[in-house]
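# Survey of secondary and tertiary structure
Chain by chain, the residues:
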Amino acid sequence: MDTEFTTAELQRRLKALDRHLAAAADKILDGGPSMAEQQRQIEILRLKSSLLRQRLQVADADSWDQVKTGLQADWNALAENLERWMKTIDRDFRANWSREERRSSSRS
């Protein structure tokens, strides 16, 4: 997080994250366990975003410098969770794609 990061910028980023999570949730269909895990990860990320937003409201009342470090750590943790989740989705997709490709090859 940039040292000139403001509460307004963080609020903007949290709103964007919420929109992206909602879009991802809309794409997930009730499928197998992988789909359920993806839905669970979206809910975890939504909760963390909500908690960060609550802390941000408190930060507006306090000195920004006093709470910036805590908010920065929370934002970074949220970003790391999102990145880990995306890697898991990519790995699962590749594994399923490879499995389907092998099935198609064996039928030929």
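Residues numbered from 1 in each chain as written. Predicted model: local features only at pLDDT ≥ 70, side-chain atom pairs only at ≥ 80, totals over all residues. Heavy atoms only, no water.

## Points about helix α1 (residues 7-27)
With 21 residues, α1 extends 30 Å between its outermost C-alpha atoms, agreeing within 8% with the 30 Å of an ideal straight helix rising 1.5 Å per residue. Considered for burial, the residues of α1 that qualify are T7, L10, L14, A16, L17, L21 and A25. (Helix = DSSP H or I, 4+ residues; strand = E, 2+ residues; numbered from the N terminus. Expected span 1.5 Å × (residues − 1). Buried < 20%, exposed > 50% of the residue type's maximum accessible area, 1.4 Å probe, protein only.)

## Some thoughts on the environment of R13
Residue placement: R13 occurs in helix α1. Residue R13 is classed as partly exposed on the basis of its relative accessible area of 31%. Remark: the alpha-carbon pair of R13 and W75, spanning 62 residues in sequence, is separated by 9.9 Å.

## What about the nonpolar core?
Among the nonpolar cores identified, the biggest contains 15 residues, and L10, L14, L52, L71, W75 and L78 are the most heavily contacted of them. Mapped by element, the contributors of at least two residues to this core are α1, α2 (33-61) and α3 (64-107). Beyond its immediate sequence surroundings of up to four residues, L14 is in contact with S49, L52, R53, L56, W75 and L78. (Core = buried A, V, L, I, M, F, W, Y, C linked by side-chain atoms within 4.5 Å. Contact = heavy atoms within 4.5 Å.)

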